[in-house]
Amino acid sequence: MTEQAHTIEELEVLKGSKEKILIRPWENRGFNYVSIAIQTLNQEGAYVFMKGRSFALQPTEARELADALAAMAETVEGGSR
């Protein structure tokens, strides 16, 4: 039996009641990136992309950011976890 890699197509993290962070893979010119975009809830109730509120990271940079965010969350919580 062969194992297939688990692929995540898209992750969403709610940021308050009117924004969400959308994280997904992105390819450009043969290179793979992790795309991070903040979407805002419009008046019609749909989340839309806003210019200047997205960026892409190389996979190693995304891992470093994840580690940094976890470390900062621990600091902010005062190590109470």
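Computed from a prediction, not measured in an experiment: that's the story for all the values here.

Concerning the overall build of the chain
If you tally the helices and strands in the chain, you get one helix and four strands. In the chain, the succession of α and β elements from N to C terminus is β-β-β-β-α. Taken over C-alpha atoms, the radius of gyration comes to 16 Å for the chain, far larger than the 12 Å a tight globule of 81 residues would show. When each of the 81 residues of the chain is scored for burial, the buried share is 12%. Of the contacts formed within the chain by residues at least 6 apart in sequence, a portion of 17% connects residues at least 24 apart.

Thoughts on the packing of aromatic side chains
Enumeration over the complete set of coordinates arrives at one aromatic pair. Aromatic side chains Trp26 and Tyr33 sit 5.6 Å apart centroid to centroid with 40° between the ring planes, which places their arrangement in the tilted category.

Some details on the pattern of salt bridges
Scanning the model with the defined rule gives four salt bridges in all. Residues Arg24 and Glu10 are paired through a salt bridge, measuring 3.6 Å at the closest nitrogen-oxygen approach. With Arg24 in strand β2 (residues 19-28) and Glu10 in the segment before β1 (11-15), this pair connects stretches of sequence that are 14 residues apart. By relative accessible area, Glu10 is classed as partly exposed at 38%. Among the salt bridges present, the one from Lys15 reaches Glu19, with a minimum N-O distance of 2.8 Å.

Some thoughts on the pairing of strand β4 (residues 47-57)
Residues in a regular strand project their side chains so that they alternate between the two faces of the sheet. Bridging between strand β3 (residues 31-41) and β4 involves seven bridges; their strand directions are antiparallel. Along β4, the bridge assignment pairs Ile36 with Phe55. In sequence, β3 turns back onto β4 through a hairpin of five residues, with Gly45 there showing a positive phi of about 85°.

Brief notes about the pairing of β1
In the sheet, β1 pairs with β2 via five bridges, with the strands oriented antiparallel. Pairing of Glu12 across the sheet is with Leu22, part of β2. A loop of three residues connects β1 with β2, the two strands running antiparallel in sequence, and Gly16 in this loop sits at a positive phi of about 75°.

Rules of the game
Residues numbered from 1 in each chain as written. Predicted model: local features only at pLDDT ≥ 70, side-chain atom pairs only at ≥ 80, totals over all residues. Heavy atoms only, no water. Helix = DSSP H or I, 4+ residues; strand = E, 2+ residues; numbered from the N terminus. Rg over C-alpha atoms; globule rule 2.2 N^0.38 Å. Buried < 20%, exposed > 50% of the residue type's maximum accessible area, 1.4 Å probe, protein only. Contact = heavy atoms within 4.5 Å. Phe/Tyr/Trp six-rings, centres within 6.5 Å; stacked < 30°, edge-to-face > 60°. Salt bridge = Lys/Arg side-chain N within 4 Å of Asp/Glu carboxyl O. Pairing = 2+ DSSP bridges.

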